[in-house]
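This is what each chain is made of:
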Amino acid sequence: MTYFLALICVLGIAVGQILFKLSSSSLQKTGSWFEIQTLTVLFSAFALYGLTTILWVYVLQKADLGKIYPLMAFAFAIVPIGSHFVFGERFQPQYFVGVALIILGIIVTVRA
C-alpha cells in the first residue's frame, strides 16, 4: 500500500507540472497574473502540490526514504508523456531509451 501511495504522489507531482505549464501558457497569453484562468490553474497546481506533499510525508512515515524516493524518478517519464498529450510536444527516439533506463534504475534501486 505504501508504494501505491508513493506512486499517487508521483502522479500528483507530474500533473502539477502540467498545471504549472498551463498556467505559464495562460500568463503568456493574457499578460496578467490576475486573469481568472491563470490564477485558477496556478492555484490548482499549488493545491495539488500541497496535498501531494502531505501524502508524501505520510508515505515517509511508513517507508525508508532510500527505498521509496527512487519512485519519484517516474515523474521524469510521466511529465513528458503528459506534455505530449496536453501540449502536443514531440519526443526524440532517445527519449524512449532514457525512459527505459530510468525505469530499469528504479527497479534495481527499489529491489536493492
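Residue numbers run consecutively from 1 along every chain, following the written order of its sequence. Totals for whole chains, interfaces and linings use every residue, but because this is a predicted model, local features are given only for residues with pLDDT of at least 70 and side-chain atom pairs only at 80 or more, for both listing and counting. Side-chain figures throughout are based on the complete set of non-hydrogen atoms in the structure, without hydrogens or water.

**Q** What exactly am I supposed to notice about helix H4 (residues 75–87) here?
**A** A turn of α-helix holds 3.6 residues, and therefore any two residues three or four places apart point the same way. Strands here mean DSSP runs of E at least two residues long; helices mean DSSP runs of H or I at least four residues long; both are numbered from the N terminus. Multiplying 1.5 Å by the residue count of a helix minus one yields the expected span of that helix. In this model H4 runs 17 Å from its N-terminal to its C-terminal C-alpha over 13 residues, within 8% of the 18 Å that 1.5 Å per residue would give. Buried residues are those whose accessible area, probed at 1.4 Å on protein chains only, stays under 20% of the maximum for their type, while exposed residues exceed 50% and partly exposed ones sit between those limits. Turning to H4, its buried residues are Ala75, Ala77, Gly82 and Ser83. The criterion used for residue contact is that any of the two residues' heavy atoms lie within 4.5 Å. Structurally, H4 contributes buried residues whose contacts are with helix H1 (2–30) and helix H5 (93–111). Looking at the residues trailing H4, positive phi occurs at Gly88, about 75 degrees.

**Q** What is the right way to look at the packing of H1 against H4 in this model?
**A** Angle between the axes and distance between the axes are the two parameters that describe a pair of packed helices. The convention used is that axes are lines fitted to C-alpha atoms, helices contributing only their stretch in contact, and that angles between N-to-C directions extend from 0 to 180 degrees. In contact at an axis separation of 9 Å, H1 and H4 are set at 40 degrees when each is read in the N-to-C sense. On the basis of their axis angle, the class for H1 and H4 is oblique. Of the two elements, H1 crosses H4, and the hand of that crossing is right-handed. Between H1 and H4, the contacting residues are Val10, Leu11, Ala14, Gln17, Ile18, Lys21, Leu22 and Ser25 on the first element and Ala75, Ile78, Val79, Gly82, Ser83, Val86 and Phe87 on the second. Class assignment of the residues belonging to the contact of H1 with H4 gives a composition of ten nonpolar, four polar and one charged. Comment on the angle field: the value is read as roughly parallel under 35 degrees, roughly antiparallel over 145, roughly perpendicular from 65 to 115, and oblique elsewhere. Crossing chirality is assigned from the near helix's rotation relative to the far helix, an anticlockwise turn below a right angle marking it left-handed and a clockwise turn marking it right-handed. Classification convention: Asp, Glu, Lys, Arg as charged; Ala, Val, Leu, Ile, Met, Phe, Trp, Tyr, Cys, Pro as nonpolar; all other residues, Gly among them, as polar.

**Q** Just checking my understanding: could you explain the packing of aromatic side chains for this structure?
**A** Two numbers describe a pair of aromatic rings. These are the distance of the centres and the angle of the planes. We call Phe, Tyr and Trp rings a pair once their centres come within 6.5 Å, taking the six-membered ring for Trp, and we label the pair stacked below 30 degrees between planes, edge-to-face above 60, and tilted otherwise. Per the stated rule, a full pass over the model turns up six aromatic pairs. For the ring pair Phe43 and Phe46, a centre distance of 5.6 Å and an interplane angle of 70 degrees mean the geometry is edge-to-face. Residue Phe43 and its partner Phe46 are both found in helix H2 (residues 36–62); the two are separated by three residues, about one turn of the helix. Its relative accessible area of 43% is what places Phe46 among the partly exposed residues. Taken together, the aromatic side chains of Phe20, Phe43, Phe46 and Tyr49 make up a single cluster linked through ring pairs.

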